[in-house]
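# Architecture and fold: a report
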Amino acid sequence: MTDTSANIVLGDKKVEMPVKKGTIGPDVIDIGALYKNTGAFTYDPGFTSTAACESKITYIDGDNGVLLHRGYPIEQLAEHGDFLETCYLLLYGDLPTAAQKKDFDHRVTHHTMVHEQMNKFFSGFRRDAHPMAVMVGTVGALSAFYHDSTDITDPHQRMVASLRMIAKMPTIAAMAYKYHIGQPFVYPQNDLDYSTNFLRMCFAVPCEEYKVNPVLARAMDRIFILHADHEQNASTSTVRLAGSSGANPFACIAAGIACLWGPAHGGANEAALNMLQEIGTVDKIPEYIARAKDKNDPFRLMGFGHRVYKNYDPRAKIMQKTTHEVLAELGHKDDPLLQVAMELEKIALTDPYFIEKKLYPNIDFYSGITLKAMGFPTTMFTVLFALARTVGWIAQWAEMIEDPQQRIGRPRQLYTGEPQRDYVPVSKR
Ligand code: SDX
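Residues numbered from 1 in each chain as written. Predicted model: local features only at pLDDT ≥ 70, side-chain atom pairs only at ≥ 80, totals over all residues. Heavy atoms only, no water.

## A short note on the overall build of the protein
The secondary structure content of the protein amounts to 18 helices and 6 strands. Taken over the C-alpha trace, the protein has a radius of gyration of 23 Å; the compact-globule value for 429 residues is 22 Å, and the two agree within 12%. Of all 429 residues assigned to the protein, the portion counted as buried reaches 47%. Restricting to contacts in the protein with at least 6 residues of sequence separation, those with at least 24 account for 69%. Carbon and sulfur atoms make up 54% of the accessible area of the protein, which amounts to about 21,500 Å² in all. (Helix = DSSP H or I, 4+ residues; strand = E, 2+ residues; numbered from the N terminus. Rg over C-alpha atoms; globule rule 2.2 N^0.38 Å. Buried < 20%, exposed > 50% of the residue type's maximum accessible area, 1.4 Å probe, protein only. Contact = heavy atoms within 4.5 Å. Areas by Shrake-Rupley, 256 points an atom, 1.4 Å probe, with all protein chains shown as cover.)

Here you go:
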């Protein structure tokens, strides 16, 4: 919808740019013709004021701590639905009917196995390889196994690739974990729901029956819902940019996994737990708060702050509640890490530095405590984030591919290097 316009005056040039309005949220100034009309680029490293695309999938109101998936608040989806229902919503735009949900669950369940040759793929890695390194390698290699769903111009192949990614990520993530700890791979079971199946593939061993605790399965499923999608974050933007060249979906998701790994993004859950362990006790908190505020100290409170949320991340509130549920179920409600986290949050939220900079806990602040209590090593935390975010990456990738205006993404730059100069022979340097 084009409603009004914005005038840009540059030297003797005055250019009128159309302004587009969304359903909710900020308007955008369409600057597509700016360079042609003024010879200048816009400049916005970090994209703090730049909308890279139009999307109908997820909406975030950072000032009010609101997160909607296809219009539904995250709190309601986490409370009332399950992860595969959220996957259906993100992919198709509406909540499924009972029949649609049953069919979708059945289709995902029957794609959970991976090609048996994938097992040999893992043996090329050292056992102590970081599971995220294994995930980047193995997911990127899926295009070598599933040639029949790499033609991105074919809607059927796009749908099959999407289902395969959502269905196989738990299996591959569990294989990465089992390989890491030197235990045999556990095959998926079709009579188990998505999250129960995943926990069983991670924690069952061939020597005995393994029954997944339903409270932990529900918590795992809710954690997946909280991580499913988040608008145009760094890894989603990576997937969109990779996909804009026509790369196959498996390669694009592998690119997203690589980007998510960074400690400023999805790697923050691992970094946050390592930070809580380093702080160790409540009396050490003031020292770390001081370091986080010290401009000369690179230390930051991991799990705090967000590019968009300048209020409490709504996912962090639900994550905190889930943490209490899991620790109570496992008899760890006095977990010292939780005590440190709760006290750290309380102190930070009353500290002028954090208040002024609008720094609140984000989803990564509490997730690590929960995942550690469930039995995962810290090196698996970002793998679990990637597992859940795969549906968001796939939904955003599909939306981009189906967008008739889609073109290859190719940003420009402000060049501040050397002007043209002639080659100097080495004898004269
Ligand atoms: C995720 O984009 C998404 O949606 C991501 C995500 C998703 O679901 O996809 O929500 C998942 O990545 C959550 C964020 C996880 N990262 C962390 O918890 C790492 C710690 N947080 C920071 O690195 C930082 O807050 C970012 C990276 C999250 C946001 O960085 P910005 O928006 O570029 O903000 P900034 O670095 O410019 O910080 C603004 C100010 C700075 O001070 P000044 O230079 O203005 O004086 O706030 C300070 C920063 O120094 N600051 C912090 C801080 N975060 C920001 N100071 C101490 N501790 C922190 N955690």
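Having seen the model, we can carry on.
## Some remarks on the packing of aromatic side chains
Using the criterion set out here, one finds 22 aromatic pairs in the structure. Where Phe121 meets Phe125, the ring centres are 6.4 Å apart and the plane angle is 55°; that geometry is what we call tilted. Overall, the relative accessible area of 22% leaves Phe125 in the partly exposed class. Seen from their ring centres, Tyr312 and Tyr360 are 6.3 Å apart, and the 55° between their planes marks the pair as tilted. Placement of the pair is Tyr312 in the loop between α13 (285-293) and α14 (314-329) and Tyr360 in the loop between α16 (352-356) and α17 (364-373), with a sequence separation of 48 residues. (Phe/Tyr/Trp six-rings, centres within 6.5 Å; stacked < 30°, edge-to-face > 60°.)

## Topic: the UniProt feature "active site" (unreviewed entry) in the protein
Under the UniProt annotation, "active site" (unreviewed entry) lies at His306 and Asp364. Spatial clustering of the annotated residues is evident: they stretch over 59 residues in sequence, but the largest pairwise C-alpha distance comes to 10.5 Å. Mapped onto the fold, His306 is located in the loop between α13 and α14. Not counting residues within four places of it along the chain, the set of residues in contact with His306 comprises His230, Arg315 and Asn362. At a separation of 3.2 Å, a polar atom in the side chain of His306 contacts the main-chain amide nitrogen of Tyr309. (UniProt positions renumbered as here; feature names shortened; annotations may be inferred. Polar contact = N/O pair within 3.5 Å; in protein donor to acceptor, adjacent residues only side chain to side chain.)

## What about the sheet that holds strand β4 (residues 58-61)?
Pairing within the open sheet is antiparallel, and its 3 strands lie in the order β4-β5-β6. Edge strands, defined here as strands with exactly one partner in the open sheet, are β4 and β6 (72-73). Inspection of the sheet shows β4 paired to strand β5 (residues 66-69) by 4 bridges, in the antiparallel sense. Note that in β5 the partner of Ile60 across the bridge is Leu67. (Pairing = 2+ DSSP bridges.)

## With respect to the domain arrangement of the protein
Examined at the domain level, the protein breaks down into domain 1 (5-51) and domain 2 (68-405). Between domain 1 and domain 2, the C-alpha centre-to-centre distance is 35 Å. (Domains from an automatic or database assignment.)

## Observations concerning the nonpolar core
In this structure, Phe83, Phe198, Leu199, Met220, Leu301 and Phe376 are the most contacted members of the largest nonpolar core, which totals 120 residues. It is helix α18 (residues 381-401) that provides the largest number of residues to this core, a total of 15 residues. Apart from residues lying up to four places away in sequence, Leu199 is in contact with Ala204, Tyr210, Val212, Leu216, Ala217, Met220, Met374 and Phe376. (Core = buried A, V, L, I, M, F, W, Y, C linked by side-chain atoms within 4.5 Å.)

## A word on the site of the ligand
Around the ligand, 24 residues are found, and the nearest of them are His230, His306, Arg307, Arg315 and Arg389. Backbone polar atom of Gly303 to an oxygen atom of the ligand: 2.8 Å apart, as the coordinates give it. One of the side-chain N or O atoms of Arg307 is found 2.7 Å from an oxygen atom in the ligand. Contact with the protein chains hides 77% of the accessible area of the ligand, taken as 1,100 Å² for the molecule alone. Here the shell around the ligand is composed, by residue class, of 10 nonpolar, 7 polar and 7 charged. (Near = heavy atom within 4 Å. Nonpolar A, V, L, I, M, F, W, Y, C, P; charged D, E, K, R; others polar.)

## Digging into unusual backbone geometry
Non-glycine residue Phe47 carries a positive phi angle of around 55°. Checked against the element boundaries, Phe47 lands in the loop between α1 (34-38) and β4. Residue Glu231 is not a glycine yet carries a positive backbone phi of 60°. By the element assignment, Glu231 lies in the loop between α9 (214-226) and α10 (234-243).

## Notes on the environment of Ala133
Residue position: Ala133 is located in helix α6 (residues 131-145). A sequence separation of 128 residues divides Ala133 from Trp261, and the C-alpha atoms of the two residues are 8.9 Å apart. The residues contacting Ala133, other than those within four sequence positions of it, are Phe125 and Trp261.

## Considering the side chain of Arg164
Along the polypeptide, Arg164 turns up in helix α7 (residues 155-181). By relative accessible area, Arg164 is classed as buried at 11%. For Arg164, the side chain forms a polar contact with the side chain of Ser149, separated by 3.0 Å. In contact with Arg164, not counting residues within four places along its chain, are His111, Tyr146, Asp148 and Ser149.

## Some remarks on helix α15 (residues 336-349)
An ideal rise of 1.5 Å per residue puts 20 Å on 14 residues; α15 measures up with 20 Å between its terminal C-alpha atoms. By the burial criterion, the buried members of α15 are Leu337, Leu338, Val340, Ala341, Leu344, Glu345 and Ala348. Taken down its axis, α15 places every buried residue within 160° of arc, on the same side. Opposite the packed face of α15, turned more than 90 degrees from it, sit the exposed residues Pro336 and Lys346. Between the side-chain oxygen at the start of α15 and the backbone nitrogen of Leu337 there is a gap of 2.7 Å, and the oxygen is on Asp335. (Expected span 1.5 Å × (residues − 1). Arc of directions from axis to C-beta.)

## Side note on the packing of helix α4 (residues 98-109) against α7
Look at α4 against α7: their axes get within 8 Å of each other, and the N-to-C directions meet at 75°. By the angle between their axes, α4 is roughly perpendicular relative to α7. Residues Phe104, Arg107 and Val108 of α4 form the contact with α7, whose own contacting residues are Met159, Leu163, Ile166 and Ala167. Looking at side-chain class alone, the contact of α4 with α7 contains 6 nonpolar, no polar and 1 charged residues. (Axes fitted to C-alpha atoms, helices over the stretch in contact; angles between N-to-C directions. Parallel < 35°, antiparallel > 145°, perpendicular 65-115°, else oblique.)

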